[in-house]
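Each chain, written out:
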Amino acid sequence: MTGGAPVPLLFLIGDTGGGHRSAAAAVSQYLERAYPGRFAPVICDPLRGPGAPRRLRWLVGLYGPGIRLTPWLWGWLWRGINSPRLLDWTRRTLFAPANRSVARAVAAHRPAVIVAFHAMTTGPAVRARDRAAPGVPVITVITDLITTHLAWREATVDLIVVPTAPVGRSCARDGTPQERYVEIGLPVAAEFSAAPTTEAGRTALRRSLGLRGGRFLVVVTGGAEGSGGLYRRSAAILRQAGDVDVAVICGHNRRLRRRLGRLAARSSGRLAVRGFVGNMADWLRCADVVVGKAGPGTIAEAACCAAPLVLTSYLPGQEEGNAEFVVSAGAGRYAPGLRDLVTEIRRLHGDPAALARMRSAATGLARPSAAAGVGALLAGLAGPAERGAPAAEASPELAG
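As the structure is a prediction and not an experimental result, all values here were calculated from the model. Residue numbers restart at each chain and count upward from 1, following the sequence in its written direction. With pLDDT at 70 or above as the cut-off, local features in this predicted model cover only qualifying residues; side-chain atom pairs require 80 or more to be listed or tallied, and sums for whole chains, interfaces and linings still use all residues. With hydrogens and water excluded, all non-hydrogen atoms of the structure serve as input to the side-chain values.

Asker: Looking at this structure, I do not really get the overall build of the protein. What am I missing?
Answerer: A tally of helices and strands in the protein yields 17 helices and 12 strands. What the globule rule says is 2.2 Å times the number of residues to the power 0.38, and the radius of gyration is computed from C-alpha atoms. For a compact globule of 400 residues, the expected C-alpha radius of gyration is about 21 Å, and the protein comes in at 21 Å, within 12% of that figure. With the C-alpha coordinates of the protein rotated into their principal frame, the extents come out at 60 × 45 × 35 Å. Of the contacts made within the protein by residues no fewer than 6 positions apart, 69% connect residues no fewer than 24 positions apart. Only the protein chains shown count as cover for residues, with accessible areas throughout obtained via the Shrake-Rupley method and a probe of 1.4 Å. Put simply, the protein shows about 16,800 Å² of open surface, and 55% of that area lies on carbon and sulfur atoms. Charged side chains in the protein number 49 positive and 28 negative. The centres of these two groups are separated by 8 Å. Only DSSP runs of H or I with at least four residues qualify as helices, and only runs of E with at least two residues qualify as strands; both kinds are numbered from the N terminus onward. Every residue pair with non-hydrogen atoms within 4.5 Å of one another is taken to be in contact. Counting rule for charge: Lys and Arg are taken as positive, Asp and Glu as negative, and neither His nor the chain ends is counted. Just so you know, the charge point we use is NZ for Lys, CZ for Arg, CG for Asp and CD for Glu.

Asker: Would you mind showing me how to read the sheet that holds strand S3 (residues 113–116) here?
Answerer: Hydrogen bonding along the main chain pairs the strands of a sheet, whether they run parallel or antiparallel. One requirement defines pairing of two strands: DSSP has to find at least two bridges between them. Read from one edge of the open sheet, six strands run S2-S1-S3-S4-S5-S6, paired in parallel fashion. Each edge of the sheet is formed by a strand with only one pairing partner; in this case those strands are strand S2 (39–44) and strand S6 (181–183). Along the sheet, successive strands turn relative to each other by an average axial angle of 20°, direction set aside. Here strand S4 (residues 138–141) pairs with strand S5 (residues 159–162) via three bridges, running parallel. Bridging from a neighbouring strand, Thr140 pairs with Ile160 of S5. The axes are straight lines fitted to the C-alpha atoms, using for helices just the contacting stretch, and the angles between their N-to-C directions are given from 0 to 180°.

Asker: Any chance you could explain the sheet that holds strand S10 (residues 289–292) here in plain terms?
Answerer: Ordered by their spatial adjacency, six strands build an open sheet running S9-S8-S7-S10-S11-S12, and the pairing between neighbours is parallel. Of all the strands in the sheet, just strand S9 (271–274) and strand S12 (332–334) have a single pairing partner and so form its edges. Along the sheet, successive strands turn relative to each other by an average axial angle of 20°, direction set aside. Sheet analysis places strand S8 (residues 244–249) next to S9, joined by four bridges and oriented parallel. Along S9, the bridge assignment pairs Ile249 with Arg274. Helix H10 (residues 230–240) rests against strand S7 (216–221), S8 and S9 of the sheet, and its axis sits at about 170° to S8. Seen against the sheet, helix H16 (residues 352–365) touches S7, S10, strand S11 (309–311) and S12 and runs at an angle of roughly 105° to S12.

Asker: Explain the environment of Cys171 to me, please; I cannot follow it from the model alone.
Answerer: For Cys171, the position within the fold is in helix H8 (residues 165–174). In this structure Cys171 comes out as buried when scored by relative accessible area, which is 0%. As a C-alpha pair, Cys171 and Tyr181 span 10 residues in sequence and 7.5 Å in three-dimensional space. The buried label goes to any residue with under 20% of its type's maximum accessible area, the exposed label to any with over 50%, and the partly exposed label to all in between, with areas taken from a 1.4 Å probe on protein chains only.

Asker: Is there a simple way to explain a positive patch on the surface in this structure?
Answerer: Residues enter patches when their relative accessible area tops 30% and they take part in no salt bridge; the joining distance is 9 Å for like charges and 5 Å for the nonpolar side chains Val, Leu, Ile, Met, Phe, Trp and Tyr. Just to be clear on terms, a salt bridge is a Lys or Arg side-chain nitrogen sitting within 4 Å of an Asp or Glu carboxyl oxygen. Residues Arg254, Arg255, Arg258, Arg259, Arg262 and Arg266 make up a contiguous surface patch of positive charge. Along the polypeptide, Arg254 turns up in helix H11 (residues 254–264).

Asker: What's the story with the nonpolar core in this structure? I'm lost.
Answerer: One broad rule of soluble globular proteins: the nonpolar side chains tend to lie buried together. What we call a nonpolar core is a set of buried Ala, Val, Leu, Ile, Met, Phe, Trp, Tyr and Cys residues that are connected through their side-chain atoms within 4.5 Å. By size, the foremost hydrophobic cluster in this structure holds 68 residues, and its most contacted members are Phe11, Phe117 and Phe192. Tallying contributions element by element places helix H17 (residues 370–382) first for this core, with seven residues. With residues near it in sequence (within four places) discarded, Phe11 still touches Ala24, Val27, Ser28, Leu31, Pro41, Val42, Ile43, Cys44, Val115, Phe117 and Leu378. Within the second largest apolar cluster, 31 residues are counted, among which are Phe95, Met120, Ala133 and Ala151.

Asker: Got a minute to help me understand H10 in this structure?
Answerer: In an α-helix, one turn spans 3.6 residues, which is why side chains three or four residues apart end up on the same side. Buried within H10 are the following residues: Leu230, Arg233, Ser234, Ala235, Ala236, Ile237 and Leu238. The elements touched by buried residues of H10 are S7, S8, H11, S9 and helix H15 (338–349).

Asker: Which parts of the structure should I look at to understand the side chain of Glu319?
Answerer: As for its position among the elements, Glu319 is in the loop between S11 and helix H14 (322–329). Accessibility expressed as a relative area gives 3% for Glu319, which makes it buried. Any N or O atom pair separated by 3.5 Å or less is treated as a polar contact, with the protein-specific requirement of one donor-capable and one acceptor-capable atom, and with residues adjacent in sequence counted only for side-chain atom pairs. A distance of 2.5 Å separates the side chain of Glu319 from the side chain of Lys293, its partner in a polar contact. Separated by 2.7 Å, the side chain of Glu319 and the backbone nitrogen of Leu315 make a polar contact. Filtering out sequence-adjacent residues up to four positions away, Glu319 remains in contact with Lys293, Ala294, Gly295, Pro296 and Tyr314.

Asker: When you look at the packing of aromatic side chains in this model, what are you seeing that I'm missing?
Answerer: Between two aromatic rings, the relevant description is the distance of the centres plus the angle of the planes. Pairing of aromatic rings covers Phe, Tyr and Trp, the last counted by its six-membered ring, and requires centre-to-centre distances within 6.5 Å; plane angles under 30 degrees mean stacked, over 60 mean edge-to-face, and any other angle means tilted. If you walk through the whole model with that rule in mind, you get five aromatic pairs. Between Tyr30 and Tyr35 the ring centres are 6.2 Å apart and the planes differ by 85°, which places this aromatic pair in the edge-to-face class. Assigned by exposure class, Tyr30 and Tyr35 land together as buried. Within the aromatic cluster, the residues linked to one another by ring pairs are Tyr30, Tyr35 and Phe39. Geometry around Tyr231 places Arg259 over its ring, the cationic atom sitting 3.9 Å from the centre. When the NZ atom of lysine or the CZ atom of arginine is within 6 Å of a ring's centre and also within 35 degrees of its normal, the charge is said to sit over that ring.

Asker: I keep staring at a nonpolar patch on the surface and nothing clicks. Help me out?
Answerer: On the surface, a cluster of nonpolar side chains totalling about 490 Å² of accessible area is made up of Trp72, Leu73, Trp76 and Leu77. Relative to the helices and strands, Leu77 resides in helix H4 (residues 71–80).

Asker: Sorry, what's going on with unusual backbone geometry here?
Answerer: Glycine aside, residues mostly have negative phi, and peptide bonds are mostly found in the trans state. Despite not being glycine, Arg110 shows a phi value in the positive range, around 45°. Note that Arg110 resides in the loop between helix H6 (97–109) and S3. Residue classification places Arg110 among the exposed residues on the basis of a relative accessible area of 69%. With a phi angle near 55°, Ala306 is a residue other than glycine that sits in the positive phi range. Residue placement: Ala306 occurs in the loop between helix H13 (296–304) and S11. A residue is classified by how much of its surface remains accessible, and Ala306, at 4% relative accessible area, is buried.

Everything listed is a geometric property; what it means functionally is a separate question.
In structure tokens form, the structure reads like this:
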């Protein structure tokens, strides 16, 4: 394609955490870099966006407070609708308004390809395509890492992009034909894919972020929602691991940021607190250790930045299996209790060789070309005019 209007692509997300939007943005970023001006990806949130019905926005908005305050309840609900009958009931009742939201988006943008980056947009995407845009491919990009909900594996989509081999095996167990799913990885933005940083580079990067350069640095993160008991864990590290600095990325959790701000004022410069940041790659790359829950986006991004992980928790349901995946690869440790966490931080602080091994293992898990793989796939599906455009790099990583 050498002229004319850019080809529209519709990326359906849900702002439940930041992973869905981040993956869609990473693919959009790749398309603009590899095919300048050829595509016009539209990132649309039919679940919580401005066009979504108020009742649906309220329902989906419970996700953030729910996983922070009652993760056990979220796990119970996740498992409860992880069956064909109850999932169908949920889609026909609680999430029925999503069908209208997606249909309006398809009618407004007339996309050449529809891509579902959120499990609850897969079914509505197929319905909207069948009614208003027959023949348009519908692709699912799964943004969970190991354990996936049945909603992700919608049988009527044209292709499912899976992040790891275990998810591919789940598709196979469902009876999905092998040609209907492809393992590419979890898309991350280009800034996470730079070469691993040396010790001198990490020191310089810390200073550029307003931190003390020569100190052992633990970066604590809880994803976009700032979940995972960040206050207790940060306070325990400060109190019990002496010669260590801590930086906490609170995401959109304003209450957590205020509480930690008061703690920072009493920390003699050892604690830095940030809200949602647009340069997360810099924070991961400058860390000696990254502490957080076993979220798929955090794991994929940290692996691309060669950051050693200490995982403290996982969300029941979709994050089950993530910690074991990282630990078995040697890229991280699992420390669910405060005492376990402090013990691991102390041990790693005193063992540079262990940290080096974990960095090497993280690099082995990294899949920095996943966004390129998904982008090249979409470019090929958008039409024959894209033949001859750059192909994605093959990558065996994150094959678990």
